[in-house]
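So you can see what is in the structure, the chains are spelled out below.
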Amino acid sequence: MEPEWVDEVLLRGPGGEPCLFFGADAPVTRDGLRRLVRERQAALGAAGLRRGGSAAIRLAPSLELVVQLLACWRTGARAALLDHRLTPFEAERALERLAPQVVVTAEHPVPGGPPRGHHPQRAVVTARPGRPAEGPHALVQLSSGSTGPAKVIGRTAADLVAELDRYARIDGVPRAGERMVSLASPVHVLGLVGGLLHCLHAGVRLAFPDRVTARGVLDAVAAGPEPTTLLGVPFHLELLGWLPDPPRLPQLTGMTTGGEPVRAELHEAFVDRYGVRLGSMYGMTEVGVIATDLHGAHRPELTPAPGLGVRAVDGELLVTAARSPYLDGAGADRWADGWLRTRDGGSVDAATGRVRVRGRLDSQVSVGGLKVDLTEVEHTVLALPGVESAVVLHGSVIEAYLVLAPGGTAARVEEQLAERLAAYKRPRLLHVLDRMPRTATGKPVRERAVLAAAAAAGR
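Residues numbered from 1 in each chain as written. Predicted model: local features only at pLDDT ≥ 70, side-chain atom pairs only at ≥ 80, totals over all residues. Heavy atoms only, no water.

Caption draft 1: Structural detail: the side chain of arginine 334. By the element assignment, arginine 334 lies in the loop between strand S17 (316–320) and strand S18 (335–336). Of the side chains with opposite charge, glutamate 286 comes closest to the buried, unpaired arginine 334, at an N-O distance of 4.2 Å. Here tyrosine 326 takes part through its side chain, which lies 3.5 Å from a polar atom of the side chain of arginine 334. Within the structure, arginine 334 has its side chain in polar contact with the backbone oxygen of threonine 342 (distance 3.2 Å). Setting aside its immediate chain neighbours within four residues, arginine 334 contacts Lys151, Met284, Glu286, Tyr326, Trp339, Leu340, Arg341, Thr342 and Arg343. (Helix = DSSP H or I, 4+ residues; strand = E, 2+ residues; numbered from the N terminus. Buried < 20%, exposed > 50% of the residue type's maximum accessible area, 1.4 Å probe, protein only. Lys, Arg positive; Asp, Glu negative; His and termini not counted. Salt bridge = Lys/Arg side-chain N within 4 Å of Asp/Glu carboxyl O. Polar contact = N/O pair within 3.5 Å; in protein donor to acceptor, adjacent residues only side chain to side chain. Contact = heavy atoms within 4.5 Å.)

If you want it as structure tokens, here you go:
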């Protein structure tokens, strides 16, 4: 697609209309956003970025991140988004793989302290001896890396516009005149397309809270009168659950979560406490949104997004994709004949077409000749009152890495698991962590080496 798609799809609208809200800062209007994008486009051009070129943007969630991304696309260049929480070593390795011609970073690192929904950022644009974009891709993202090295994933402008069309046809998605408070980082697909791009395209007011705490999130909801939807991941449900007496917020209409399935107990606790719908979304960085149940009407089943085909083959979910989304060798074997293997187990109901996601295929293991679903074991551990978070893995035996809730003990966890799980399913080793390592998208890390290091650090 021509770079004019940015103006036609994302930046159109009445000039005085507020579209972006960053905490207590003055709202950004359409005219203001268009002006900032033109300014950043000129600065990128001065650094040597041209149509067909490549850039990497490593900024925290911020107005600066938004305008740099749109300016890059408006130039007709490819933008790779890197999470600002990467270490310098990780960031340099990513830049070596991507070889961008221009790199956009923050003038000052993000300070420590409570997590923020957005940050004040001043960008530094640096030329780099990279290479132009190969192929038509507008966006490059790295997979979450929760189970191993990240894959390099490319999507074209046409892919993004097609996904926005899917969002526009999904029942329960915020519409023009409504409001969204996003807790999902715009560096990753849920916060980027489901949050930022959808809101710009559909005329939805998008707000980022000052603080990603329970109070900070609810203050952001209370800041506007419009019907408001929260967008986040299951971790944010747990965060909101810590508030003992949440205020009544009539403008809060519901919340949508993605990234990983929501446990039944967590779903029920949120709905009971806040009295609003809790919707689920299933998707991948490679293709975006795949299936949804935004009203919580069919849990645990989801309805495929309009325009996407989903089928199950030998217990694995496959989704339609016109081409392979992978830009290097990693993952290339997952696409063939217009279908992408998700590596998620699941089924498709022949009568309704609805999808049931059963977790990663690598969660199925054999113990003494008996099949064990590690997802079932993990959900059982997580449901215990003495457990705050947990990851269950299988090596020579089943192991659980967990963070205990206040008052919880490993001995009590073992007692409760003996009541709830058959002996062959129970973790043989319990590793207590001070803090659960998480990816940039909020998912628990599942690499044994990382978890083992976290367990050793807590001893």
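Caption draft 2: Geometry of the packing of helix H2 (residues 30–46) against helix H3 (residues 63–75). Contact pair H2 / H3: the axes reach a minimum separation of 8 Å and the direction vectors enclose 65°. One way to sum up the angle between H2 and H3 is to call them roughly perpendicular. Here the hand of the crossing between H2 and H3 comes out right-handed. Seen from H2, the contacting residues are Leu33, Leu36, Val37, Arg38, Arg40, Gln41 and Leu44; seen from H3, they are Leu63, Glu64, Val66, Val67, Gln68, Leu70, Ala71, Cys72, Arg74 and Thr75. Residues of the contact of H2 with H3, tallied by class, amount to 10 nonpolar, three polar and four charged. (Axes fitted to C-alpha atoms, helices over the stretch in contact; angles between N-to-C directions. Parallel < 35°, antiparallel > 145°, perpendicular 65-115°, else oblique. Left-handed = near helix turned anticlockwise from the far one by under 90°. Nonpolar A, V, L, I, M, F, W, Y, C, P; charged D, E, K, R; others polar.)

Caption draft 3: Geometry of the sheet that holds strand S6 (residues 123–127). Spatial ordering of the open sheet is given by S6-S5-S3-S4-S7-S8, a layout of six strands whose pairing is mixed. Single-partner strands in this sheet number two, and they are S6 and strand S8 (152–156). The mean inter-strand angle of the sheet, taken between neighbouring strand axes irrespective of direction, is 20°. In terms of strand pairing, strand S5 (residues 102–106) meets S6 through five bridges, oriented antiparallel. Across the sheet, the residue bridging to valine 103 is threonine 126, located in S6. (Pairing = 2+ DSSP bridges.)

Caption draft 4: Spatial organisation of the nonpolar core. Ranked by internal contacts, the top residues of the largest apolar core, which has 58 residues, are Leu10, Leu20, Leu33, Leu70 and Trp73. Non-local contacts of leucine 10, meaning those with residues more than four positions away in its chain, are made with Trp5, Arg30, Leu70, Trp73, Leu164, Leu197, Leu200 and His201. Val217, Leu230, Met255 and Val276 belong to the second-largest nonpolar core, a separate cluster that totals 22 residues. (Core = buried A, V, L, I, M, F, W, Y, C linked by side-chain atoms within 4.5 Å.)

Caption draft 5: Seen up close, empty space enclosed by the protein. All chains considered together, the criterion is met by one cavity of 30 Å³ or more. Lining the largest cavity are Tyr167, Val173, Pro174, Met180, Gly194, His198, Thr229, Leu231, Thr256, Met281 and Leu294. Where the lining of the largest cavity is concerned, the elements lending two or more residues are helix H6 (189–202) and strand S11 (228–232). The class makeup of the residues in the lining of the largest cavity is seven nonpolar, four polar and no charged. (1 Å grid on protein atoms, 1.4 Å probe; cavity = no way out; pocket = protein on both sides within 12 Å on 5 of 7 lines; lining within 4 Å. Points joined across faces, edges and corners; volume = space filled by probe spheres on them.)

Caption draft 6: Main features of the packing of aromatic side chains. Under the defined criterion, the tally for this structure stands at three aromatic pairs. Geometrically, the ring pair formed by phenylalanine 22 and phenylalanine 208 is stacked, given 5.1 Å between the ring centres and 10° between the ring planes. With phenylalanine 22 in strand S1 (residues 18–22) and phenylalanine 208 in strand S10 (residues 205–208), this residue pair connects regions lying 186 residues apart in the sequence. The exposure class of phenylalanine 22 is buried, given its relative accessible area of 4%. Here arginine 311 stacks its cationic end above the ring of tryptophan 339, 4.2 Å away from the centre of that ring. (Phe/Tyr/Trp six-rings, centres within 6.5 Å; stacked < 30°, edge-to-face > 60°. Lys NZ or Arg CZ within 6 Å of the ring centre and 35° of its normal.)

Caption draft 7: Fine view of H3. In this model H3 runs 18 Å from its N-terminal to its C-terminal C-alpha over 13 residues, within 8% of the 18 Å that 1.5 Å per residue would give. When you tally the buried positions in H3, you get 11 out of 13 residues, the bulk of the element. For H3, every residue scored as buried is listed here: Glu64, Leu65, Val66, Val67, Gln68, Leu69, Leu70, Ala71, Cys72, Trp73 and Thr75. At the C-terminal side of H3, glycine 76 shows a positive phi close to 90°. (Expected span 1.5 Å × (residues − 1).)

Caption draft 8: Quick peek at the sheet that holds strand S24 (residues 398–404). Spatial ordering of the open sheet is given by S23-S24-S25, a layout of three strands whose pairing is mixed. On the outer flanks of this sheet lie strand S23 (387–394) and strand S25 (429–432), each paired with one strand and no other. Shown here is a sheet whose adjacent strand axes are inclined to one another by a mean of 25°, direction ignored. Examined bridge by bridge, S24 and S25 share four bridges and lie parallel to one another. Directly across from glutamate 399, in S25, lies its bridge partner leucine 429. Of the strands in this sheet, S23, S24 and S25 are in contact with helix H11 (residues 410–420), which crosses S25 at around 140°.

This is a description of form; function is not addressed.
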